[in-house]
Amino acid sequence: SFVIVLIKKTLMRNHGLIVIVSILFSGIFLLSCNSDNVGDNYTTFTEDMMGRFIENDTSLTEFNRLMDTTKVKGLLNAYGYYTCFAPSNSAMKKFYKSKGKKSIKDFTADTLLLIAYDHIINKASIESSAFPVGRLPYSSMSDRYITASFASNEDIYVNKTSIIISKDNLVHNGVVHIVDKVLDP
């Protein structure tokens, strides 16, 4: 009974101290909460995914149509690391004409998928500063290698014929380089 009385006295004396310390700690924890909420959701990142970047860039509407038609855009909106060499609208239209076609609708589904895969490197985000002279270290999704070369005027050529007209567009899941010609291995 002596032990019980001693415990009660100790608790009564320290109870006020415990309450004060608890209030201080809960205040610190509550103040450290971040208000990154959007409605009832919390954001984990703010950058666009690659698919969204392509969708929103008005110079890439033809390439976006290709990504939608082949269902590859879903991949580009997923987590991972990707490098995309996205042809501009004028590049896509020149490509159609060079193949005797008028639009994307004139190609077979298999051909469109191969064209899409030729422009994407999966599992690697490669900025232009990391391009070696020659073959990039990772193959495209069509299992073909892409090469880089550099001109004296600082142009970067992809597969010797296509110039990067907008490099290093960083997105949450990789990098997009806009090119002036469709990569046609």
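First, a word on what this report is: a plain description of the structure on this page. Small disclaimer: the values here were computed from a predicted structure and weren't measured. (Residues numbered from 1 in each chain as written. Predicted model: local features only at pLDDT ≥ 70, side-chain atom pairs only at ≥ 80, totals over all residues. Heavy atoms only, no water.)

1. Side note on the overall build of the chain
So, point 1. Looking only at helices and strands, the chain has six helices and nine strands in total.
So, point 2. Expressed as a percentage of its 185 residues, the buried residues of the chain come to 34%.
So, point 3. Expressed as a percentage of contacts within the chain between residues at least 6 apart in sequence, the contacts between residues at least 24 apart total 60%.
So, point 4. Of the roughly 11,800 Å² of accessible surface on the chain, a fraction of 57% belongs to carbon and sulfur atoms. (Helix = DSSP H or I, 4+ residues; strand = E, 2+ residues; numbered from the N terminus. Buried < 20%, exposed > 50% of the residue type's maximum accessible area, 1.4 Å probe, protein only. Contact = heavy atoms within 4.5 Å. Areas by Shrake-Rupley, 256 points an atom, 1.4 Å probe, with all protein chains shown as cover.)

2. Looking at the pairing of strand β5 (residues 134–139)
So, point 1. Where β5 lies against strand β6 (residues 145–150), three bridges are found, and the strand directions are antiparallel. The residue bridging G134 from the neighbouring strand is A148, located in β6.
So, point 2. Where β5 folds back on β6, the antiparallel hairpin that results is connected by five residues, among which D143 adopts a positive phi of roughly 65 degrees. (Pairing = 2+ DSSP bridges.)

3. Some thoughts on the packing of aromatic side chains
So, point 1. Evaluation of the coordinates by the stated rule reveals three aromatic pairs.
So, point 2. When the centroid spacing of 6.1 Å and the interplanar angle of 40 degrees are considered together, the rings of F85 and F131 count as tilted. Pair noted here: F85 is in strand β3 (residues 82–87) and F131 is in the loop between β4 (120–122) and β5, with a separation of 46 residues, a long-range link.
So, point 3. Note on F95 and F107: the rings are 5.8 Å apart at their centroids and 10 degrees apart in plane angle, and the pair reads as stacked. Taken together, the residues span a long stretch of sequence, with F95 in helix α5 (residues 89–98) and F107 in the loop between α5 and α6 (109–118) at a distance of 12 residues. No difference in accessibility class separates F95 from F107, as the two residues are buried.
So, point 4. Taken together, the ring pairs in this structure connect F95, Y96 and F107 into an aromatic cluster.
So, point 5. In this structure, K101 is placed above the aromatic ring of F107, and the distance from its NZ or CZ to the ring centre is 5.7 Å. (Phe/Tyr/Trp six-rings, centres within 6.5 Å; stacked < 30°, edge-to-face > 60°. Lys NZ or Arg CZ within 6 Å of the ring centre and 35° of its normal.)

4. Focus: the nonpolar core
So, point 1. Membership of the largest hydrophobic core comes to 25 residues, with the highest contact counts inside it found for M50, I54, F63, L66, M67, L76 and C84.
So, point 2. Dropping the residues within four chain positions of it, C84 is found in contact with M50, I54, F63, H119, I120, V175, V176 and H177.
So, point 3. I126, I156, V158 and V179 belong to the second-largest nonpolar core, a separate cluster that totals 13 residues. (Core = buried A, V, L, I, M, F, W, Y, C linked by side-chain atoms within 4.5 Å.)

5. Thoughts on the layout of surface pockets
So, point 1. What the largest pocket holds in volume is close to 210 Å³.
So, point 2. Take the lining of the largest pocket: its biggest share by element is four residues, from α5.
So, point 3. For the lining of the largest pocket, the residue count by class is five nonpolar, four polar and four charged. (1 Å grid on protein atoms, 1.4 Å probe; cavity = no way out; pocket = protein on both sides within 12 Å on 5 of 7 lines; lining within 4 Å. Points joined across faces, edges and corners; volume = space filled by probe spheres on them. Nonpolar A, V, L, I, M, F, W, Y, C, P; charged D, E, K, R; others polar.)

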